[in-house]
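# Coordinates in review
Next come the chains, spelled out residue by residue.
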Amino acid sequence: MKNAKNKQVYDKIYVAYVEDEAMVRQAIAHYINQQQSAEVIIEAGSGEELLQKLERAAILPHICMIDLDLGGISGFDIIDELKRRWPDMKMLVLSGHDHKEYKVTTMSKGANGFISKNNRLSEINQALSDIYQNGITYSMTINPQFVRDVRNGQEELPPLDEKELRLVKYITSNMTLQEIARDMHCAVKTLENWRHQLYEKLQVKSKPELIKFALRFGLIKLDNDKNLPHKQPTI
């Protein structure tokens, strides 16, 4: 059988699903597999596992369902990786965070839909069908006008490069400047200059303001430190 990159009609929608809570993942995958229209062919408990399984897959899924709160590689980073490695693969975000900022961020990164985990299971099946057939799924909060606004830049996340995104995660953690500088392979003075430039770019004046900004756009999680190597108080 041809893989998912080829333009052909399949009997089922092939789905990959990454979710670090095993019971949630298994329950949702079981529901999807009971439907005639879709089948979960890849399950993963982390972003790293998902990427490894996709690399080895004989058949690629049409759609990848992504939880945002993952240990290690975050759901936001997974969206970026999938767009880079498999640009034809569609993405449905399934998250417990039903905030506008998360929807703006994921849709601007290239996701094809966003569903809250509080929604009915039947809505997941409908979303998969919509994305497979039309390339996007809409809801009460993600409507055609919302998508147009995101794509036209009217709902916009300020552009940040890879270094700046890493800097946001480090500065909002409990690591000291010395620890961050060591991890980023730079001098403390250089780090202080980068921090000043980042604050100016995002129009924030302090670490608390940066944390608020980063949470608003889904750049960090409330337990941001768990993915970082140190947990010592910032001086």
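Residues numbered from 1 in each chain as written. Predicted model: local features only at pLDDT ≥ 70, side-chain atom pairs only at ≥ 80, totals over all residues. Heavy atoms only, no water.

Bringing the overall build of the protein chain into the picture now. Scanning the protein chain from terminus to terminus reveals 10 helices and five strands. Going through the 235 residues of the protein chain one by one, you find that 46% of them count as buried. Sequence separation of at least 24 residues holds for 65% of the intrachain contacts in the protein chain that already meet a minimum separation of 6. Looking at the protein chain as shown, the accessible area adds up to about 12,500 Å², and 48% of this sits on carbon and sulfur atoms. (Helix = DSSP H or I, 4+ residues; strand = E, 2+ residues; numbered from the N terminus. Buried < 20%, exposed > 50% of the residue type's maximum accessible area, 1.4 Å probe, protein only. Contact = heavy atoms within 4.5 Å. Areas by Shrake-Rupley, 256 points an atom, 1.4 Å probe, with all protein chains shown as cover.)

Given 3.6 residues per helical turn, the α-helix brings residues three or four places apart onto the same face. For helix α1 (residues 22-34), which comprises 13 residues, the first-to-last C-alpha distance of 18 Å matches the rise-based estimate of 18 Å (1.5 Å per residue) to within 8%. If you check which residues of α1 are buried, you get R25, I28, A29, Y31 and I32. Seen end-on, α1 carries its buried residues on one side only, within an arc spanning 160 degrees. In this structure, α1 carries M23 and Q34 as exposed residues pointing more than 90 degrees from its buried face. Buried residues along α1 sit in contact with β1 (13-18), β2 (38-44), β3 (63-66), β4 (90-95) and α5 (121-134). (Expected span 1.5 Å × (residues − 1). Arc of directions from axis to C-beta.)

A few words on the environment of V15. Tracing the chain through its elements places V15 in strand β1. We classify V15 as buried; its relative accessible area is 0%. With 49 residues separating them along the chain, V15 and C64 place their C-alpha atoms 5.6 Å apart.

Bringing unusual backbone geometry into the picture now. A positive phi angle, close to 55 degrees, is found at H185, a residue other than glycine. Within the fold, H185 resides in the loop between α8 (177-183) and α9 (188-202). A relative accessible area of 73% places H185 in the exposed class.

For the rest of this paragraph, the subject is the packing of α1 against α5. A pair of packed helices is captured by two measures, namely the crossing angle of their axes and the spacing between those axes. Where α1 contacts α5, the axes come no closer than 10 Å and their chain directions differ by 60 degrees. Classified by the interaxial angle, the pair formed by α1 and α5 is oblique. Viewed along their axes, α1 and α5 form a crossing whose handedness is right-handed. Residue-level contacts link I28, Y31 and I32 of α1 to L121, S122, I124, N125 and L128 of α5. (Axes fitted to C-alpha atoms, helices over the stretch in contact; angles between N-to-C directions. Parallel < 35°, antiparallel > 145°, perpendicular 65-115°, else oblique. Left-handed = near helix turned anticlockwise from the far one by under 90°.)

Contact pair helix α7 (residues 162-171) / α9: the axes reach a minimum separation of 11 Å and the direction vectors enclose 100 degrees. In terms of orientation, α7 lies roughly perpendicular with respect to α9. Contacts between α7 and α9 involve K163, E164, L167, V168 and I171 from the former and L191, W194, R195, L198, Y199 and K201 from the latter. Per-class residue counts for the contact of α7 with α9 are seven nonpolar, no polar and four charged. (Nonpolar A, V, L, I, M, F, W, Y, C, P; charged D, E, K, R; others polar.)

Within helix α2 (residues 47-56), burial applies to G47, L50, L51 and L54. Down the axis of α2, the smallest arc covering the buried residues is 95 degrees, so these residues share one side. Packing partners of the buried residues in α2 comprise β1, β2, β3 and α3 (75-85).

Turning our eyes to something else, we now look at the pattern of salt bridges. A complete count under the given rule lists 11 salt bridges for this structure. For the salt bridge of E19 with K117, the shortest nitrogen-to-oxygen distance reads 2.7 Å. Note that E19 is positioned in the loop between β1 and α1 and K117 in the loop between β5 (113-116) and α5, a separation of 98 residues in sequence. Since its relative accessible area comes to 0%, E19 is described here as buried. Exposure remark for K117: the relative accessible area of 31% places this residue in the partly exposed category. Salt bridges linked by common partners bring E55, E81, R84 and R85 together as one network. (Salt bridge = Lys/Arg side-chain N within 4 Å of Asp/Glu carboxyl O.)

Within the largest apolar cluster, 25 residues are counted, with the highest numbers of intra-cluster contacts made by L50, L54, I66 and L82. If one sorts the elements of this core by residue count, α3 sits on top with four residues. With sequence-adjacent residues up to four places away left out, L50 is seen in contact with A16, V18, I42, A44, C64 and I78. Residues L160, L167, I171 and C186 belong to the second largest nonpolar core, which totals 22 residues. (Core = buried A, V, L, I, M, F, W, Y, C linked by side-chain atoms within 4.5 Å.)

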